[in-house]
Amino acid sequence: MSRIQQDQSRFRNIVRGKIRQNLKKYISRGELIGKQGKDLVSIPLPQIEIPRFKYDPKDSGGTGQGDGKPGDSLGPGSQQPGEGKGEAGEGEGQKAVEVDVTLDELAQLLGEELELPRIEPRGQKQVVTEKDRYTGIRNVGPDSLRHFKRTYKQALKRTIAMGQYNGERPVVVPIRHDMRYRTWNTVSSPQSNAVVIYMMDVSGSMGDEQKEIVRIESFWINAWLRSQYKGIETRYVVHDATAREVDEHTFFHTRESGGTMISSAYKLCAQMIADDYPSADWNIYPFHFSDGDNWSVDDTARCIRLLKEDIVPASNQFSYGQVESPYGSGQFIKDIRENFKTAAADCAVVVSEIKDKDAIVKSIKEFLGAGR
Amino acid sequence: MIEYLHVRSLPPELWAWKVKIEKIARDQGLDFFETVFEVVGYDKMNEVAAYGGFPTRYPHWKFGMEFEQLSKSYTYGLSKIYELVINTDPCYAYLLEGNELVDQKLVMAHVYGHCDFFKNNYYFSQTNRKMIDAMANHASRIRRYADLHGPTVVEEFIDSVLSLENLIDRFRPYIRRTPVAGPKKRKEDLPDELMMDHDVPRLRAKEYMDEFVNPDAYVEALRQKQRDAHQKESRFPAQPERDVLLFLMEHAPLQKWQRNVVGILREEAYYFAPQGMTKIMNEGWASYWHAKIMTRHVLDDSEIIDYADRHSGTMATSKGRLNPYKLGIELFRNIEERWNRGQFGKEYEDCDDMAERAHWDRRLGLGMQKVFEVRKLYNDVTFLDEFLTPEFCAEQKLFTFGHNRKADEWQIASREFKDVKKKLLFQLTNMGQPVLEVEDANFENRGELLLRHLHEGLDLADDYARETMQNLFKIWKRPVHVATRKGTKGILLTCDGAKQSERLFEVA
């Protein structure tokens, strides 16, 4: 590891609260997990500011350059206008830069942040999917791909070089020769199929807060797995005493009441795998979230048997997340731990307890940390 | 250093341009140390930039933070570093691999401007030109301390010192603060009474006239004066000390390695100080020269647009922030023009006729000579103090802004020349940071440390002051105080490690 990387990982560890707890109060950051726009999510970069004797910028004000009358606004809020736009390396007073990232990048960030390993997919590696990416510029192409700015710049250059540019009437007319078009590259990558089967307990003891946790957690799991596989399918199963498959919206919004028989969901899950996802070709990720309350000891035994015989052998990894609820006994996680060596690194059954929203990050790390 | 950076040697085309541009720069009168250009990839560029331009620095998370921000900004296309040059002999400058040729030429021309400034500007005259070696030595020493005492212990101590890093005396390198100590009379060996009697000067008088010529009250007043002087001399430090880091290094109860760490950070702070004191001039000067060299000597027709695009990008202004490149280049050009036309001196200053002033031209042609003189002798404060004119201020649309608490927004406050100038000078004096001096290291005769904030109309940011005092306490290990003002009230902030307090207090 190079020296700067050592400094960087030191910084990251401080931000993550692993070391130097005393610096915690100087860390400024938004939430890593939170906003979930359409495709764009805003992530502030963390920053640590060492305190110094200084003036409050609100008292001292500053000087600027440009149009406007006294009294005109330069921008609302308390952050000093223009801060953070400074040239890199200018040192003092840099504020967190807010950037817009795509979902894909976000997953990468998540992966980096949590040090998630890449997944080695199984399946038909010889089957290749192709995708086009716009990567370059060329002189010919269809009008629909015309790059306006490049074309204009080229025309401007030519006009000036030919001495036809008139500052009084700065009209620039591109000719055929000036045209610039976007061009693409076809990138191919091995096809691999993945399916995520989410199961959730919607019995009376699961409240809104618990469902919210499941929702956030599954969003991030999806984001990560999507970045790892080209095509990904998601299936949703809700259960109380009986299980049924639902669509995504229903999955997160349904309200049921009544008892809990987890085995009903596992049976349906095993059925789905058997019917639709031959495990030789598919990467299968069943996730189950509940508050750990099950109807009876017998039913739990049935669950364990289903897991051992059908679900776990077919899956890359079976994940069980237990959210804390005031009504649940929290027994089920203990049962799983008893029956599988969940602590072992090579165990394909992973369990995680999610106490509250703050625990989501840790839990994602537990689920995805093995790289299966 | 070259081995360390794993850099490619300059490709032949760039090398040819370096030779050419260097010659042009010299012909223009620029005078610089040998300049070594290195082409580096963006990752290396970000690394070197995070280290303040140096290949190696002491281990610290703040460099990691800087690197992370630079890398992320680069990755998301928010910013990239075109150019990086450090004040050493020879000068090292870095070019970003993969930039277009016109960019590289622009950077080279710009860099020669910086190198000339480093070599000739008075405020850089005291800097260590072998700072690469010094930085590497600092790094290996701190690494050794980290091995001996544990990385976290050392890092925590560095954090505390960094918190006080701005408490240096930026003019110390250029002036002698403490008078040369002459042979001292060993007064303190004498008993007080004896010493007094001997020392109070009396007017010569006949014995019987003495009580009239030297009345008791007069003699007593003299004695009191002397006692005060003595008291003052026994105060420690005798003169308020503005170089707080030096004072702590010499007098705080530190272990040897800690003392060395303070020394290292202080040396580095002094090394970087002139760059802060001349930001506007330095960038202005470099831009002034890149523009001149590029447009008159280097560019070919096909590159004009790309050059103009890049140059105007660098000069872009934003309302909330002064662009030092823009302000600097414009002011240098303004000075050149004024001295070419003779728009200076009493006759010009006394002229009230705006039209006559605007068309004033004595055809003196002193512009070039003047800008070279300015780059040699001035810093940002004196530069703006002397050369900022109402005409320039209006032409450049400069204004001051402030925060309107009621509306919770920033607003343009004034376009008046004197307001703009005052605010600018305030922002630049001591780099816009408060000045604090060590007033008394034996405050209330309890070995407590009293710093005095030289209040200039602005209060210290309270929360920052408190946190900083915690760090000061960690180093001084006895309660620390800061005498400052809140509005019109004099107050004393106190930190004894466990708790903070505040009381009314007037500095004697």
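Every chain is numbered on its own, with residues counted from 1 as its sequence reads. Naming scheme: in the order in which they are written, chains are lettered from A and ligands are numbered from 1. Per-residue local features are limited, in this predicted model, to residues with pLDDT of at least 70; the limit for side-chain atom pairs, both in listing and counting, is 80 or more; totals at the level of whole chains, interfaces and linings are taken over all residues. For the side-chain quantities, the full set of heavy atoms in the structure was used; hydrogens and water were omitted.

Colleague: Would you mind showing me how to read the overall build of chain A here?
Modeller: Numbering of helices and strands runs from the N terminus; a helix is a DSSP stretch of H or I covering at least four residues, while a strand is a stretch of E covering at least two. In terms of helices and strands, chain A carries 10 helices and 14 strands. Relative to its 372 residues, chain A shows a buried fraction of 46%. In chain A, the share of contacts with a sequence separation of at least 24, taken over all contacts with a separation of at least 6, comes to 75%. Only the protein chains shown count as cover for residues, and the accessible areas themselves come from Shrake-Rupley with a 1.4 Å probe. Total accessible area on chain A stands at roughly 19100 Å², and carbon and sulfur atoms take up 48% of it. A 1.4 Å probe rolled over the protein chains alone gives each residue an accessible area, and that area as a share of the maximum for its type sets the label: buried under 20%, exposed over 50%, partly exposed in between. Any pair of residues with heavy atoms lying within 4.5 Å of one another is described as a contacting pair.

Colleague: Would you take a moment to explain the sheet that holds strand β9 (residues 489-495) of chain B for this structure?
Modeller: To summarise the sheet geometry, strands pair through backbone hydrogen bonds and adopt either a parallel or an antiparallel arrangement. Residues and elements named next belong to chain B. As summarised here, the arrangement of the 5 strands in space is β6-β7-β8-β9-β10, forming an open sheet in which the pairing is mixed. Among the strands making up the open sheet, the edge pair consists of β6 (436-443) and β10 (500-504). Going from strand to strand, the sheet's axes swing by 25° on average, the running direction of each strand aside. By this definition, two strands are paired if DSSP reports at least two bridges between them. Relative to β10, β9 runs antiparallel, the two sharing 5 bridges. Residue pairing in the sheet places L493 in a bridge with E502 of β10. A fitted line through C-alpha atoms represents every axis, and for helices the fit uses only the stretch in contact; the resulting angles, taken between N-to-C directions, go from 0 to 180 degrees. Relative to β6, helix α11 (residues 244-251) is tilted by about 30°, and along the sheet it contacts β6 and β7 (448-453). Of the strands in this sheet, β6, β7, β8 (480-486), β9 and β10 are in contact with helix α22 (residues 462-476), which crosses β9 at around 45°.

Colleague: Teacher, can you tell me more about the interface of chain B and chain A here?
Modeller: At the junction of the two partners, chain B supplies 86 residues and chain A supplies 69 residues. Nitrogen and oxygen atoms within 3.5 Å of one another constitute a polar contact, given that in protein one can donate a hydrogen and the other can accept it, and given that sequence-neighbouring residues count only through two side-chain atoms. Seen at the junction of chain B and chain A, the total is 32 residue pairs in polar contact (both at pLDDT 80 or more). Considering each element in turn, the side of chain B that touches chain A owes the most residues, 11 residues, to helix α4 (residues 61-75) of chain B. Each residue receives one of three labels: charged for Asp, Glu, Lys and Arg, nonpolar for Ala, Val, Leu, Ile, Met, Phe, Trp, Tyr, Cys and Pro, and polar for the others, Gly being one of them. Here the residues of the side of chain B that touches chain A sort into 37 nonpolar, 25 polar and 24 charged. Where strand β4 (residues 62-65) of chain A and strand β4 (residues 398-404) of chain B come together, 4 bridges link them in antiparallel fashion. Its bridge partner being in β4 of chain B, G62 of chain A is matched across the sheet by F401 of chain B.

Colleague: Quick question: what am I supposed to make of the environment of V351 of chain A here?
Modeller: Residue and element names in this part refer to chain A. Of note, V351 is situated in strand β14 (residues 349-354). Among the residues examined, V351 registers a relative accessible area of 11% and is labelled buried. Excluding residues within four positions of it along the chain, V351 makes contact with Y320, I333, I336, R337, T342, E366 and F367.

Colleague: Explain the packing of helix α15 (residues 324-341) of chain B against helix α19 (residues 380-387) of chain B here, please?
Modeller: In a packed pair of helices, the relevant descriptors are the angle between the two axes and the axis-to-axis distance. Residue and element names in this part refer to chain B. The N-to-C vectors of α15 and α19 enclose an angle of 45°; their axes lie 11 Å apart at closest approach. On the basis of the axis angle, α15 is oblique to α19. Remark: the crossing between α15 and α19 carries left-handed chirality. Between α15 and α19, the residues in contact are L327, G328, L331, F332, N334, I335, R338 and W339 and F383, L384 and F387, respectively. Considered class by class, the residues forming the contact of α15 with α19 number 8 nonpolar, 2 polar and 1 charged. Angular relationships are summarised with four words: roughly parallel below 35 degrees, roughly antiparallel beyond 145, roughly perpendicular across 65 to 115, and oblique for the angles in between. Two helices that cross are described as forming a left-handed crossing if the nearer one is turned anticlockwise from the farther one by less than a right angle, and a right-handed crossing if clockwise.

Colleague: Any chance you could explain the sheet that holds strand β2 (residues 83-86) of chain B here in plain terms?
Modeller: Residues and elements named next belong to chain B. The 3 strands are arranged β1-β3-β2 in an open sheet whose pairing can be described as mixed. Two strands in the sheet have a free side with no partner beyond their single neighbour: β1 (35-40) and β2. Here the strands of the sheet are splayed against their neighbours by 20° on average, with no regard to which way each runs.

Colleague: Mind showing me how you'd approach the pattern of salt bridges here?
Modeller: Pairs may arise between side chains of opposite charge once their charged atoms sit close together. We define a salt bridge as a side-chain nitrogen of Lys or Arg found within 4 Å of a carboxyl oxygen belonging to Asp or Glu. Overall, the coordinates contain 53 salt bridges over all chains when judged by the stated rule. Close ionic contact of D27 of chain B with K23 of chain B constitutes a salt bridge, the shortest N to O distance being 2.9 Å. Of this pair, D27 of chain B and K23 of chain B both sit in helix α2 (residues 12-27), 4 residues apart, which is roughly one turn of the helix. Judged by relative accessible area, which is 53%, K23 of chain B ranks as exposed. Overlapping salt bridges bring together K153 and K157 of chain A together with D103, D306, D309 and R310 of chain B as one network.

Colleague: Mind showing me how you'd approach the environment of L245 of chain B here?
Modeller: By secondary structure assignment, the location of L245 of chain B is in helix α11. Spatially, the C-alpha atom of L245 of chain B lies 8.9 Å from that of L265 of chain B, the residues being 20 residues apart in sequence.

Colleague: Sorry, what's going on with a negative patch on the surface here?
Modeller: Patch membership requires over 30% relative accessible area and the absence of a salt bridge. Like charges are linked within 9 Å, and nonpolar side chains (Val, Leu, Ile, Met, Phe, Trp, Tyr) within 5 Å. Counting rule for charge: Lys and Arg are taken as positive, Asp and Glu as negative, and neither His nor the chain ends is counted. Charge placement uses NZ in Lys and CZ in Arg. For Asp and Glu, CG and CD serve respectively. A cluster of acidic residues, E209, E324, D356 and D358 of chain A, forms a negative patch on the protein surface. By the secondary structure assignment, D358 of chain A is in the loop between β14 and α10 (360-368).

Colleague: Explanation requested: a nonpolar patch on the surface in the structure shown.
Modeller: Residues and elements named next belong to chain B. Together, Y208, M209 and F212 make up an exposed nonpolar region whose accessible area comes to about 380 Å². Residue position: M209 is located in the loop between α8 (192-199) and α9 (210-213). Under the relative-accessibility criterion, M209 is labelled partly exposed at 34%.

Colleague: Please clarify how the confidence of the model for chain B should be interpreted in this entry.
Modeller: The predicted coordinates of low-pLDDT regions are not to be read in fine detail. Looking at chain B, the pLDDT average stands at 89 and 92% of residues meet or exceed 70. Values of pLDDT, the confidence the predictor places in each residue, fall between 0 and 100. In the predicted structure, residues 1-7 of chain B sits below a pLDDT of 50 and forms 18 contacts with residues beyond four places in sequence or in another chain.

Colleague: Even after reading the chapter, I still don't get unusual backbone geometry, so can you show me in this structure?
Modeller: Note: most residues except glycine have negative phi, and most peptide bonds are trans. Residue and element names in this part refer to chain B. The linkage connecting D89 with the following residue, P90, adopts the cis geometry, with an omega of 0°. Residue placement: P90 occurs in the loop between β2 and β3 (91-96). Positive phi outside glycine occurs at R363, with the angle close to 50°. Take R363: it is sitting in the loop between α17 (354-358) and α18 (367-377). Of note in this structure, E444 is not a glycine but carries a positive phi near 55°.

Colleague: How should the side chain of D201 of chain A be read in this particular structure?
Modeller: All names here are of chain A. Along the chain, D201 falls in strand β9 (residues 193-201). No salt bridge is formed by the buried D201, whose closest oppositely charged neighbour, K211, lies at an N-O distance of 8.9 Å. A distance of 2.7 Å separates the side chain of D201 from the side chain of S203, its partner in a polar contact. Residues contacting D201, with those up to four places away along its chain left out, are M206, H239, T260, F289, S290, D291 and D293.

Colleague: I keep staring at the packing of aromatic side chains and nothing clicks. Help me out?
Modeller: Aromatic ring pairs are described here by two measures, namely the spacing of the ring centres and the angle between the planes. Residue and element names in this part refer to chain B. Any two rings among Phe, Tyr and Trp, with Trp reduced to its six-membered ring, count as a pair given centres within 6.5 Å; such a pair is stacked if its planes are under 30 degrees apart, edge-to-face if over 60, and tilted if neither. According to the stated counting rule, one finds 46 aromatic pairs over all chains in the structure shown. Considering the side-chain rings of F54 and F272, the 6.3 Å spacing of their centres and the 85° angle between planes classify their relative orientation as edge-to-face. Of this pair, F54 sits in the loop between α3 (42-50) and α4 while F272 is found in helix α12 (residues 256-277), placing the two residues 218 residues apart along the sequence. Accessibility expressed as a relative area gives 24% for F272, which makes it partly exposed. By the ring-pair criterion, three or more aromatic residues cluster together here, those being W285, Y288, W289, F332, W339, F344, F372, Y378, F383 and F387. Over the face of the ring belonging to W289 we find K292, whose NZ or CZ atom lies 5.7 Å from the ring centre. Either the NZ atom of lysine or the CZ atom of arginine qualifies as a charge over a ring when it sits within 6 Å of the ring centre and within 35 degrees of the ring normal.

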